[in-house]
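Spelled out from the first residue to the last, the chains are:
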Amino acid sequence: MEYRTLGKTGLKVSVVGFGGIPIQRVSAAEANAIVNRALDLGINFFDTARAYTDSEEKLGAALKARRKEAVIATKSMARTGEAMAADIKKSLETMGLDYIDLYQLHNVKSKRELDRVLSPDGALAALKEAKKEGLIRHIGITGHIKDFLSQTLVLGEIETVQFPFNAVETVGVPELLKQAGAMGKGVIVMKPLAGGALRNGNLALRYILEHDVTTVIPGMDSLQQVEENAGVGNAPLPLTAAERYALDEEVKTLGGAFCRRCEYCKPCGQNIDIPTVFLLDGYYTRYNLQDWARERYRALKAGADACIGCGECEERCPYNLPIRQMLAEAAARLG
Ligand code: SF4
Ligand code: SF4
């Protein structure tokens, strides 16, 4: 396995890490076997989140026996200091750990949210306090809007940045990678297979590892996936011309109906959170997490069926997606 240094954290992490979303759908015993196989094959970076139902619990149960071999990252959507302190405590309890290597601000996506996080009683203050107490070792941020993440990297306390990057979703990535590299931030790449839309994992992961990233974290829920992904990390060779052509062709087959979560379509006058609807629809159709996706969809302020067809979002979408049609299809599945 090849290892790279996670920015100024100094942590040595495997170039292929472990994304903790899909582990929700296997049993605890299967999760234990999968995680142990990953460790055996040299994968040492594990990423989960408070929001991923029992993912923290399953990963923690498997990892605590081999704690020294693993770099464990989790994250919370908490924006206030009180809520973040509670979530850090909960993560430690759920995973059965004394400390967490990296705790991330999860999906900060607006100036308003960032202001709340940075306020004197905000989430960042709680993370800094937890770091002082030794409960966490490092602080990071995750998000989907590259321009916005770029603005947050100036914060000295933020040591890592995690965002989606794949052969389909490239807008803003070169600029963000350049900035992160110049500022010594570790780069964690999520959604390397575009939410399961890209089928050739080997090419998709090697494409990402050609760039100046630290680790890429495909989600894994089988021994076969662990073995295939670890194999890429053992020898992340650049793509040949023929392989690049094959990947480009696969991207073309996705056609126009794939949301990159750039959020340029917002706001919708009907309060529909368009990218979140498409994200949940992706979990439904590609990740086989139907109940989870439906439950989250029902908690949204407005469902996709609230669309009145004004078309304003489509004018703003840089990828020219047929948003109205896609929303209608999502509403039929998730509603
Ligand atoms: S077309 Fe539908 S989703 Fe798009 S802005 Fe109008 S109401 Fe919102
Ligand atoms: S629908 Fe278009 S504008 Fe909206 S998040 Fe997806 S790709 Fe971006």
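This structure is a prediction, so every number in the text was calculated from the model and none was measured.

Q: I'm lost on the site of ligand 1 in this one. Help?
A: As a structural note, the neighbourhood of ligand 1 is formed by Cys268, Gln270, Ile272, Ile274, Cys307, Ile308, Gly309, Cys310, Gly311, Cys313, Arg324 and Leu327. Taken together, the residues of the shell around ligand 1 break down into eight nonpolar, three polar and one charged.

Q: Even after reading the chapter, I still don't get the nonpolar core, so can you show me in this structure?
A: Soluble globular proteins: nonpolar side chains tend toward being buried together. If you look at the biggest cluster of nonpolar residues, it comprises 72 residues, and the most contacted ones within it are Phe18, Phe46 and Leu105. Per-element tally for this core: the top contributor is helix 8 (residues 201-209), with six residues.

Q: Sorry, what's going on with the domain arrangement of the protein chain here?
A: Many descriptions give the size of an interface as the accessible area lost when the pieces come together. Annotation of the protein chain at the domain level lists domain 1 (3-247) and domain 2 (274-334). Taken over C-alpha atoms, the centre of domain 1 sits 25 Å from the centre of domain 2. Taken residue by residue, the interface counts twelve residues in domain 1 and nine residues in domain 2. A buried area of about 990 Å², summed over both sides, lies between domain 1 and domain 2, and 57% of it is on carbon and sulfur atoms. The largest contributions to the domain 1 side of the interface with domain 2 come from Ile21, Arg25 and Gly195, which together make up 42% of the buried area. Taken together, domain 1 and domain 2 are joined by two residue pairs in polar contact (both at pLDDT 80 or more).

Q: Just to check I follow, could you spell out the sheet that holds strand 6 (residues 100-105) for this structure?
A: Note: strands within a sheet are paired through backbone hydrogen bonds, in either parallel or antiparallel orientation. Sheet architecture is open: eight strands sit in the order 3-4-5-6-7-8-9-10, paired in parallel fashion. In this open sheet, the two strands that pair with only one neighbour each are strand 3 (18-19) and strand 10 (215-216). Across three bridges, strand 7 (residues 136-142) lies against strand 8 (residues 160-164) in parallel orientation. Along strand 8, the bridge assignment pairs isoleucine 141 with valine 161.

Q: Sorry, what's going on with the site of ligand 2 here?
A: Among the 13 residues in the neighbourhood of ligand 2, the closest are listed as Cys259, Cys262, Glu263, Cys265 and Cys317. For the shell around ligand 2, a count of residues per class yields ten nonpolar, no polar and three charged.

Q: What exactly am I supposed to notice about the side chain of histidine 138 here?
A: Turning to its location among the elements, histidine 138 is positioned in strand 7. A polar contact of 2.7 Å, which involves the side chain of histidine 138, links it to the side chain of glutamate 159.

Q: What exactly am I supposed to notice about the pattern of salt bridges here?
A: Working definition: two side chains of opposite charge can pair if their charged atoms are close together. Throughout the structure, instances matching the rule amount to 23 salt bridges. For lysine 75, the salt bridge goes to aspartate 47, with nearest N and O atoms at 2.5 Å. Of the two residues, lysine 75 is situated in strand 5 (residues 71-76) and aspartate 47 in strand 4 (residues 45-47); the sequence distance between them amounts to 28 residues. Residue lysine 75 is classed as buried on the basis of its relative accessible area of 1%. Each member of the salt-bridge network shares a partner with another, and the members are Asp40, Arg66 and Glu69.

Q: In this structure, what is going on with the packing of aromatic side chains? I would like to understand it.
A: The description of an aromatic ring pair uses the distance of the two centres, along with the angle that the planes make with each other. This structure, assessed with the given rule, holds three aromatic pairs. Ring geometry for phenylalanine 18 and phenylalanine 46: centres 5.3 Å apart, planes at 35°, overall tilted. Placement of phenylalanine 18 in strand 3 and of phenylalanine 46 in strand 4 is noted, with a sequence separation of 28 residues between them. Each member of the pair, phenylalanine 18 as well as phenylalanine 46, is classed as buried. Taking the centre distance of 5.8 Å and the plane angle of 55° together, the rings of phenylalanine 165 and tyrosine 207 count as tilted. Taken together, the residues span a long stretch of sequence, with phenylalanine 165 in the loop between strand 8 and helix 7 (173-182) and tyrosine 207 in helix 8 at a distance of 42 residues. Summarising the burial analysis for this pair, phenylalanine 165 and tyrosine 207 share the class buried. Here the basic side chain of arginine 137 rests over the ring of tyrosine 99, its NZ or CZ set 3.7 Å away from the ring centre.

Q: I keep staring at helix 3 (residues 81-95) and nothing clicks. Help me out?
A: An α-helix turns once every 3.6 residues. As a result, residues three or four positions apart point the same way. The end-to-end C-alpha distance of helix 3, which contains 15 residues, comes to 21 Å, matching closely the 21 Å that a straight helix rising 1.5 Å per residue would cover. Among the residues of helix 3, Gly81, Met84, Ile88, Ser91, Leu92 and Met95 are the ones counted as buried. One face of helix 3 carries all of its buried residues, which in axial projection span an arc of 95°. Structural note: helix 3 exposes Glu82, Lys89 and Glu93 on the side pointing more than 90 degrees away from its buried face. Those residues of helix 3 that are buried are in contact with helix 2 (55-63), strand 5, strand 6, helix 5 (123-132) and strand 7.

Cut-offs used in this document
Along each chain, numbering runs from 1 in the same order as the chain's sequence is written. Chain letters and ligand numbers both follow the written order, the letters beginning at A and the numbers at 1. Under the rules for a predicted model, residues below a pLDDT of 70 receive no local features and side-chain atom pairs below 80 are neither given nor counted, while totals for whole chains, interfaces and linings still include all residues. Excluded from the side-chain calculation are hydrogens and water; included are all heavy atoms of the structure. Summary of the distance rule: residues count as near a molecule or strand when at least one heavy atom falls within 4 Å of that molecule or strand. Residue polarity is assigned by list, with Asp, Glu, Lys and Arg as charged and Ala, Val, Leu, Ile, Met, Phe, Trp, Tyr, Cys and Pro as nonpolar; anything else, Gly included, falls into the polar class. For this analysis, a nonpolar core means a set of buried residues of the types Ala, Val, Leu, Ile, Met, Phe, Trp, Tyr and Cys, connected via side-chain atoms within 4.5 Å. Type-normalised accessible area, obtained with a 1.4 Å probe on protein chains alone, sets the label of each residue: buried when under 20%, exposed when over 50%, and partly exposed for intermediate values. Helix and strand definitions here come from DSSP, where helices need a minimum of 4 consecutive H or I residues and strands a minimum of 2 consecutive E residues; each element is numbered from the N-terminal end. Here the limits of each domain have been adopted from an automatic or database domain assignment. Every residue pair with non-hydrogen atoms within 4.5 Å of one another is taken to be in contact. Defined here as a combined quantity, buried area equals the accessible surface (1.4 Å probe) lost by two parts on assembly, summed across both. Throughout this description, a polar contact denotes any pair of N or O atoms lying within 3.5 Å of each other; where both atoms belong to protein, one of them has to be capable of donating a hydrogen while the other can accept it, and for residues adjacent in sequence the pair is counted only when both atoms sit in side chains. For two strands to pair, DSSP has to find at least two bridges joining them. The salt bridge criterion pairs a side-chain nitrogen of Lys or Arg with a carboxyl oxygen of Asp or Glu, the two atoms within 4 Å. The pairing test for Phe, Tyr and Trp rings, Trp by its six-membered ring, is centres within 6.5 Å, and the orientation test on the planes gives stacked under 30 degrees, edge-to-face over 60, and tilted for anything in between. Charges are assigned to positions over rings by a cutoff of 6 Å between ring centre and Lys NZ or Arg CZ, combined with an angular limit of 35 degrees from the ring normal. Multiply 1.5 Å by the residue count of a helix minus one, and that product is the helix's expected span. The arc in question is the one traced by the directions running from the helix axis out to the C-beta atoms.

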